[in-house]
Amino acid sequence: GANVATVPQGKTLKDYQEVYNDIAAKIEENLDYDGGAGFYGQLVRLAWHSSGTYDKNTKTGGSYYGTMIFYPEASDGANNGLANGRDFLYEFAVKYPWISRGDLWTLGGVVAVQESGGPKIPWRPGRVDSYEKKDIPENGNLPDASQDGKYVRNYFKRLGFGDREIVALLGAHCLGKCHPENSGYDGPWGPSFNMFTNDFFVRLLGSWHVRQWDGEKQYEDDETNSFMMLPTDIALKEESYFLKYVKLYAADQDLFFADFSKAFATLLELGIEYPRGTKPFLFKTVEEQE
Ligand code: DDH
């Protein structure tokens, strides 16, 4: 059947803003996590990987059922390390037993984007937990970083995204880091890995060389040899159909924010049907409430 959003009885924006505020406060208490990255990147990636299993052809996967704690999804190599984010949020599943896993994990991503200085992300609740085998996606639905631009284009087609949305979404690599123990890749994409900015695009347009090391093939910047790009990131420069948007976003952070907001909100809702007229919530940042 269709995955229709079902909001717990009586819950309103106020209830979800309360969860938002608790997540934001805990992020603030853990700013030193992961060498100063904090939990921003981790939570954005958790939201994305719980949504990115979607397949528009079979109408399977996506964030609705909150299945990442179950085998085989939990064991997908692409999800290595994301137990950190799920464990971080778990206390709020206990404190707010009415919130579903899918809602909590996607809300965590919204908090992380907004609190790290990014755009407002319109968000709608109503994902419903499943414990059924049939609702757990197979592994292999998340992208492989060793690939080229054609692969990236084709990958995101399965989710329903076009070139402009793909480039906008990849701007999330301004946050967080790669961890050899998770993915075989190493390091942050830039120096401001706890701030949501258009820095990923600015840096990508700089010059990069293949890093000489024992790990997976990745790139490092000519200027400082301290930041990284994945092969799939460099691919955005290699294909003219991506490069034009990289240039647009590098030159115009407001445009990047507007496009990212739309594409990320869409990503988090893939595979979910909303009753007609369901208006998204726009959460206030902690700063706006002070
Ligand atoms: Fe990513 N990403 N990502 N990514 N991603 C990694 C980390 C982070 C790919 C590969 C990797 C998106 C798309 C792609 C974030 C957000 C987003 C890591 C390192 C790899 C590898 C993980 C680790 O070692 O811990 C590939 C390939 C793609 C692709 O689509 C071609 C998208 C769409 C997003 C998004 O959020 C919209 C974030 C944030 C991180 C940092 C995680 C952390 O722990 O910090």
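What exactly am I supposed to notice about the coordination of the iron atom of the ligand here?
Where a metal carries four tetrahedral donors, each ideal angle is 109.5 degrees; where it carries six octahedral donors, the ideal angles are 90 or 180 degrees. Exactly one donor from the protein chain reaches the iron atom of the ligand: H173 (NE2), at 2.1 Å. With respect to the helices, strands and loops of the structure, H173 is situated in the loop between α7 (163-170) and β1 (177-178).

For this particular structure, what's the right way to read the pattern of salt bridges?
Pairs can form between side chains of opposite charge whenever their charged atoms are close. If you walk through the whole model with that rule in mind, you get twelve salt bridges. Taking the shortest distance from any N to any O, the salt bridge between E91 and K26 comes out at 2.8 Å. Residue E91 is found in helix α4 (residues 83-95), and its partner K26 is found in helix α1 (residues 13-29); the two are separated by 65 residues along the sequence. On the basis of relative accessible area, K26 is assigned to the buried category, the value being 15%. Of the charged contacts, one joins R127 and D103 as a salt bridge, the two residues approaching to 2.8 Å between their closest N and O atoms. With R127 in the loop between α5 (101-115) and α6 (149-159) and D103 in helix α5, the pair connects residues that are 24 residues apart, well separated along the chain. For the residue pair R127 and D103, the accessibility class agrees, reading buried in each case.

So what exactly am I meant to see when it comes to a negative patch on the surface here?
Side chains of E28, E29, E287 and E290 sit close together on the surface and give a patch of like negative charge. Mapping E290 onto the fold places it in the segment after α13 (286-289).

Would you take a moment to explain the packing of aromatic side chains for this structure?
In this description, an aromatic ring pair is defined by two values, namely the gap between the centres and the angle between the planes. For the structure on display, the rule yields 26 aromatic pairs. Geometrically, the ring pair formed by W123 and F283 is tilted, given 5.8 Å between the ring centres and 45° between the ring planes. Remark: F283 occurs in the loop between α12 (253-268) and α13 and W123 occurs in the loop between α5 and α6; sequence separation between them is 160 residues. Given a relative accessible area of 0%, F283 falls into the buried group. Cluster of aromatic residues (ring-pair linked, three or more members): F196, F200, F201, Y249, F256, F257, F260 and F264. Geometry around F88 places K26 over its ring, the cationic atom sitting 4.6 Å from the centre. Across the ring face of W213, the terminal group of R211 is positioned such that the distance to the ring centre comes to 4.1 Å.

What is the right way to look at the site of the ligand in this model?
Near the ligand there are 25 residues, and of these H173, K177, H179, N182 and S183 occur at the shortest range. Broken down by secondary-structure element, the contributors of at least two residues to the shell around the ligand are α3 (40-51), α7, β1 and α8 (180-183). Sorting elements by how many residues they give to the shell around the ligand places α3 first, with five residues. A breakdown of the residues in the shell around the ligand according to their chemical character gives 14 nonpolar, eight polar and three charged. Both domain 1 (13-141 + 267-289) and domain 2 (149-254) contribute no fewer than three residues apiece to the shell around the ligand.

Sorry if this is basic, but what is going on with the nonpolar core here?
Within soluble globular proteins, side chains that are nonpolar generally end up buried alongside one another. One finds I23, L89, L107, F156, F200, F260 and F264 to be the most contacted residues of the largest nonpolar core, which totals 77 residues. Here this core gets eight residues from one element, more than from any other, and that element is α12. When sequence neighbours within four positions are dropped, the list of residues in contact with F264 reads V44, A47, G109, V113, I121 and L169. In terms of nonpolar packing, the next biggest core, distinct from the first, is built from five residues, A5, Y64, Y65 and Y274 among them.

Can you walk me through the side chain of Q114 in this structure?
Note on placement: Q114 falls in helix α5. Look at Q114 and you get buried, because its relative accessible area is 4%. Within polar-contact distance, the side chain of Q114 engages the backbone nitrogen of I121 at 3.0 Å.

When you look at the sheet that holds strand β4 (residues 219-221) in this model, what are you seeing that I'm missing?
The strands making up a sheet associate through backbone hydrogen bonding, with each pair oriented either parallel or antiparallel. The antiparallel open sheet is built from three strands, whose spatial order is β3-β4-β5. At either end of the open sheet lies a strand with only one pairing partner, and these are β3 (208-210) and β5 (228-229). By the bridge criterion, two bridges tie β4 to β5 in an arrangement that is antiparallel. Across the sheet, Y219 pairs through a bridge with M229, a residue of β5.

Would you explain unusual backbone geometry in this entry?
Of note, the amide linkage connecting Y71 to P72 takes the cis form, showing an omega dihedral of 5°. Here P72 lies in the loop between α3 and α4. For K59, which is not glycine, the phi dihedral falls at a positive 55°. Positive phi, close to 50°, is recorded for N225, a residue that is not glycine. With respect to the helices and strands, N225 occurs in the loop between β4 and β5.

Basis of the calculations
- Every chain's residues receive numbers from 1 upward, in the order its sequence appears when written.
- Local features in this predicted model are restricted to residues of pLDDT 70 or higher, and side-chain atom pairs are both shown and tallied only at a pLDDT of 80 or more, whereas totals for entire chains, interfaces and linings draw on every residue.
- Water and hydrogen atoms play no part in the side-chain values, which are based on all heavy atoms of the structure.
- Donor selection uses N, O and S atoms within 2.8 Å of the metal (3.2 Å for Na, K and Ca). Since no water is included, sites may look incomplete.
- Numbered from the N terminus, helices here are DSSP runs of H or I no shorter than four residues, and strands are runs of E no shorter than two.
- For this analysis, a salt bridge means a side-chain nitrogen from Lys or Arg found within 4 Å of a carboxyl oxygen belonging to Asp or Glu.
- Exposure categories follow from relative accessible area, calculated using a 1.4 Å probe and restricted to protein chains: below 20% of the type maximum is buried, above 50% is exposed, and the middle band is partly exposed.
- Put simply, a patch holds well-exposed residues, over 30% relative accessible area, that have no salt bridge, with like charges counted together within 9 Å and Val, Leu, Ile, Met, Phe, Trp or Tyr side chains within 5 Å.
- Methods summary: accessible areas were calculated by the Shrake-Rupley approach with a probe of 1.4 Å, and residue burial reflects only the protein chains presented.
- Charged residues are defined narrowly, with Lys and Arg counted positive, Asp and Glu counted negative, and His plus the chain ends left uncounted.
- Charge placement uses NZ in Lys and CZ in Arg. For Asp and Glu, CG and CD serve respectively.
- The pairing test for Phe, Tyr and Trp rings, Trp by its six-membered ring, is centres within 6.5 Å, and the orientation test on the planes gives stacked under 30 degrees, edge-to-face over 60, and tilted for anything in between.
- Over a ring means this: the NZ of a Lys or the CZ of an Arg is within 6 Å of the ring centre and within 35 degrees of the ring normal.
- We call a residue near a molecule or strand when any one of its heavy atoms sits within 4 Å of it.
- For this classification, the nonpolar set comprises Ala, Val, Leu, Ile, Met, Phe, Trp, Tyr, Cys and Pro, the charged set comprises Asp, Glu, Lys and Arg, and every other residue, Gly included, is treated as polar.
- The split into domains, and so the bounds of each, comes from an automatic or database assignment of domains.
- We define the nonpolar core as a collection of buried residues of types Ala, Val, Leu, Ile, Met, Phe, Trp, Tyr and Cys that are connected through side-chain atoms lying within 4.5 Å of one another.
- We call two residues in contact whenever any of their non-hydrogen atoms come within 4.5 Å of each other.
- We define a polar contact as two N or O atoms separated by no more than 3.5 Å, with the added condition that, inside protein, one atom must be a possible hydrogen donor and the other a possible acceptor, whereas residues neighbouring each other in sequence contribute only through side-chain atom pairs.
- Each pair of strands is called paired provided DSSP finds at least two bridges between the two strands.

Note that every value here comes from positions in space, so none of it alone points to a role or purpose.
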